[in-house]
Structure formats: structure tokens, C-alpha cells
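Descriptive structure summary
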Amino acid sequence: APPHGDKSAEVKEESAAVDNRPISTIVFIIAMQTEALPLVNKFQLTEDVDSVFPKGVPWVRFYGNYKGLAINIVCPGKDPALGVDGVGTVSASLVTYASVQALKPDLIINAGTAGGFGSKGASIGDVFLSSEVAFHDRRIPIPVFDIYGVGSRKAFATPNLLKELNLKVGKLSTGDSLDMSPMDEASIVANDATVKDMEGAAVAYVADLLKVPVIFLKAVTDIVDGDKPTPEEFLENLAAVTAALDQTATQVVDFISGKCLLEL
Ligand code: ADE
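We now turn to the structure provided with this report.

What counts, and at which threshold
Residues numbered from 1 in each chain as written. Predicted model: local features only at pLDDT ≥ 70, side-chain atom pairs only at ≥ 80, totals over all residues. Heavy atoms only, no water. Core = buried A, V, L, I, M, F, W, Y, C linked by side-chain atoms within 4.5 Å. Buried < 20%, exposed > 50% of the residue type's maximum accessible area, 1.4 Å probe, protein only. Helix = DSSP H or I, 4+ residues; strand = E, 2+ residues; numbered from the N terminus. Contact = heavy atoms within 4.5 Å. Axes fitted to C-alpha atoms, helices over the stretch in contact; angles between N-to-C directions. Parallel < 35°, antiparallel > 145°, perpendicular 65-115°, else oblique. Left-handed = near helix turned anticlockwise from the far one by under 90°. Nonpolar A, V, L, I, M, F, W, Y, C, P; charged D, E, K, R; others polar. Near = heavy atom within 4 Å. Polar contact = N/O pair within 3.5 Å; in protein donor to acceptor, adjacent residues only side chain to side chain. 1 Å grid on protein atoms, 1.4 Å probe; cavity = no way out; pocket = protein on both sides within 12 Å on 5 of 7 lines; lining within 4 Å. Sits in = over half its atoms within 2 Å of the grid points.

What follows is about the nonpolar core. Within the largest apolar cluster, 36 residues are counted, with the highest numbers of intra-cluster contacts made by F28, F43, I73, I109, L217 and I256. Considering every element that reaches this core, the biggest residue donor is helix α8 (residues 230-256), with seven residues. Once you skip the residues sitting within four places of it in the chain, F43 turns out to touch F28, N65, Y66, I71, I73, A249, T250 and V253. Listed in part, the 29 residues of the second largest apolar core include V95, V133, A155 and A207.

Set out below in C-alpha cells:
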């Protein structure tokens, strides 16, 4: 080939080669330790003591090999002052950024629990693969900033995975509150969301910045438009629903094993 050939063609070929290679490294971003630990056990992962992350941060990484895949589960860990899990968008974006920098994954899987909308077909224990994610608490009513605030992004398309595992599909809306204010509700309706979480759109933002494919597995712990108070319903169902999430996550990883991105 000539030394100064068609650069765009070369670049295209390179990215095609990347997509045809079997997936080798996966990073799970999971906000709560309760959600992560059953999967850590299932994949027989080890906690990283010599952290790839800056000294002193609470972020936790579990790693190991499972069916030919380098699996990492990264959690924001416990808030240093309060001892509770670092849920929400700020921690999620930071650990996603640091994980991509350190681990160069082929794929990010953001897995966790979510509130579901009964009116959109969600039931307790359902695991959704989200096709699209957006924010519902970033209202900036100035042209273009409004769209920036909503921050809508598409998940990496996985039609074969969807067919094989028979997962429910729905849009995901993200905000930093467990409850839902009337303003949030209006945005969630505008986002056409079936499930609501506290990290997804933030993980999507970082994945998009760093050009890493991302998918979202969200298990429903509470029905937002039902009659039970969300905090009680969430805590009541957390353990059982986490088991359903982990079962699905395992099936997803089993499906991914040996495949390239374009086969998903
Ligand atoms: N995670 C679990 N239930 C949730 C809800 N109702 N809102 C946001 N995140 C959640």
C-alpha cells in the first residue's frame, strides 16, 4: 500500500478488526455492594488489594477469569464519612472513567436495581436491558442546553443477546434521587422510560466520551407508580431481586464468552 494511502479506509479497517476480535475484558459498574457480591462469588473473583485506583479512594475492584473473559466488577464503595454505598451519578461517572483508563475494557455493563413503571409493563423482579438512557433531573430551559441536560444516549445494540435471553427492553431514566418529584415525573414521561435508576445515564456519558460500548441491566425492586412507599419496597425486595439480576448477568456473560462485539 502507498505510504500516504486513504487514511479513512485504514481507520475503518482497524476498527472492523477490533470489532471482529472476541471480547476479552468486561467491566461491570455496580453501585451497591449488596448487588455486586453474589456476582463476585458466582464468577469467583478476587478483590484487588494493590488497587489500580488512586490511593485512599473507596472504589473497589473484583477481578478474575471466567470462561475466557477477564471480568472486573467495580463498585464506588462506601462513602468514607458515612459508610453507605456511593450511589448516584457523581460516583458512577468517576469510577467508570477510572475503570476505563486502568482496564481498557471492550465492554461496560452497568448492572443494578431500578424502579419500574407498572403502566409501562414493569413488574418486581423483571430484568430490563435498556435500549436508551437519559437524565430526568437536569432541567436547563435554554435552547440546546435543554437537550444537553437530558443527555439521551443509546446503549450498544445487542439484538442477538436480546433474542437469546428473552429479556425485557425499555428505556432507562436516571436521576440522583430515589424518590420522584412531579418535575422528575414529567421528565421521565418525556423520556418514555420504563425503568428509573441513579447511575445509568452518567455511565453512558463517560462510555460515550471514551468510546467504549455500554449495556444496561436493570432489575426492578419497586413499582414507582404503585401504592407502596419506594424506600420500603426497595429494601424489602433488594435481596430477592439481586438474585434475579445476578442470574441474568451470568447468562449475559455466558452469551458474551467467545463472541465479538458485532455478534452480540
Ligand atoms: N433503584 C431502585 N429503585 C429505584 C427508584 N425507585 N429510583 C431510583 N433508583 C432506584
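Turning next to the packing of helix α3 (residues 89-103) against helix α7 (residues 200-209). Where α3 meets α7, the axes come as close as 8 Å, and the angle between the chain directions of the two elements is 30 degrees. With respect to their mutual orientation, α3 and α7 come out roughly parallel. Helix-helix and strand crossings are classified by hand; for α3 and α7 the assignment is right-handed. Here T89, A92, S93, T96 and Y97 of α3 lie close against α7, whose contacting residues are A202, V203 and V206. Here the contact of α3 with α7 is built from residues that sort into five nonpolar, three polar and no charged.

Looking now at the site of the ligand. Lining the immediate environment of the ligand, one finds T113, A114, G115, L178, K196, D197, M198, T221, D222, T230 and F234. At 3.2 Å, a backbone N or O of G115 approaches a nitrogen atom of the ligand. T221 is positioned such that a nitrogen or oxygen atom in its side chain is 3.5 Å from a nitrogen atom of the ligand. Here the ligand is seated within the second largest pocket. Mapped by element, the contributors of at least two residues to the shell around the ligand are β5 (107-116), β9 (193-197), β10 (214-223) and α8. The greatest single-element share of the shell around the ligand, amounting to three residues, is contributed by β5. Residues that form the shell around the ligand fall into these classes: four nonpolar, four polar and three charged.

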